[in-house]
Amino acid sequence: MNRVPDSELELVPGGTLITPDATAGRALAFTLARHSIHNLQPDLDVLKGGRPNYSTNPDSLIAASQVVAIEFATIAAANGYWR
């Protein structure tokens, strides 16, 4: 199996959801979403093989955006909404 690198499988990179600002929080949300997908499908060949199907499907892209939005909401709450 052509496996995703271990660095891409860390569920909470750096071990914390605390970020200095919303921009860093948004970047962390994308990272968390990506790492979740990598943990669900650690075989890079299978993962990349499905990309032509979901990367051009509006419903798939909206679903991916929803995952990032949920991650961002969690991070924002953990950071007291950066107040």
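Residues numbered from 1 in each chain as written. Predicted model: local features only at pLDDT ≥ 70, side-chain atom pairs only at ≥ 80, totals over all residues. Heavy atoms only, no water.

Q: Describe the environment of A76, listing the residues and the values that go with them.
A: Relative to the helices and strands, A76 resides in helix α3 (residues 58–78). What makes A76 buried here is its relative accessible area of 6%. (Helix = DSSP H or I, 4+ residues; strand = E, 2+ residues; numbered from the N terminus. Buried < 20%, exposed > 50% of the residue type's maximum accessible area, 1.4 Å probe, protein only.)

Q: Tell me what's going on with the nonpolar core, and back it up with residues and numbers.
A: Among the nonpolar cores identified, the biggest contains six residues, and these are L28, A29, L32, A33, V68 and I75. Among the secondary structure elements, those contributing two or more residues to this core are α1 (22–40) and α3. With four residues, the top contributor of residues to this core is α1. Dropping the residues within four chain positions of it, A29 is found in contact with V68, E71, F72 and I75. (Core = buried A, V, L, I, M, F, W, Y, C linked by side-chain atoms within 4.5 Å. Contact = heavy atoms within 4.5 Å.)

Q: Would you mind going over the pattern of salt bridges in detail, with residue names and values included?
A: Following the criterion strictly, the structure yields two salt bridges and no others. We note a salt bridge from D6 to R3, for which the minimum N-O separation is 3.8 Å. Residues E8 and R34 are paired through a salt bridge, measuring 3.1 Å at the closest nitrogen-oxygen approach. Of the two residues, E8 is situated in the segment before α1 and R34 in helix α1; the sequence distance between them amounts to 26 residues. For E8, a relative accessible area of 22% corresponds to the partly exposed category. (Salt bridge = Lys/Arg side-chain N within 4 Å of Asp/Glu carboxyl O.)

Q: Tell me what's going on with unusual backbone geometry, and back it up with residues and numbers.
A: Of note in this structure, Y81 is not a glycine but carries a positive phi near 55 degrees. Take Y81: it is sitting in the segment after α3. Even without being a glycine, W82 presents a positive backbone phi close to 60 degrees. Looking at W82, the relative accessible area reads 25%, which means it is partly exposed.

Q: How would you summarise the packing of aromatic side chains if you had to cite specific residues and measurements?
A: Summed over all chains, the structure comprises one aromatic pair. Looking at R26, its charged tip hangs above the ring of F72, at a distance of 5.9 Å from the centre. (Phe/Tyr/Trp six-rings, centres within 6.5 Å; stacked < 30°, edge-to-face > 60°. Lys NZ or Arg CZ within 6 Å of the ring centre and 35° of its normal.)

Q: Kindly report on the packing of α1 against α3, identifying the contributing residues and their values.
A: Between α1 and α3, the least distance of the axes is 8 Å, while the angle of their chain directions is 130 degrees. Looking at the two axes, α1 sits oblique to α3. Judged by the twist between their axes, the crossing of α1 over α3 is right-handed. Note on element contacts: α3 touches α1 through V67, V68, E71, F72 and I75, opposite A22, G25, R26, L28, A29, F30, L32, A33 and S36. Among the residues forming the contact of α1 with α3, the class breakdown is ten nonpolar, two polar and two charged. (Axes fitted to C-alpha atoms, helices over the stretch in contact; angles between N-to-C directions. Parallel < 35°, antiparallel > 145°, perpendicular 65-115°, else oblique. Left-handed = near helix turned anticlockwise from the far one by under 90°. Nonpolar A, V, L, I, M, F, W, Y, C, P; charged D, E, K, R; others polar.)

Shape is all these values report; function is a separate question.
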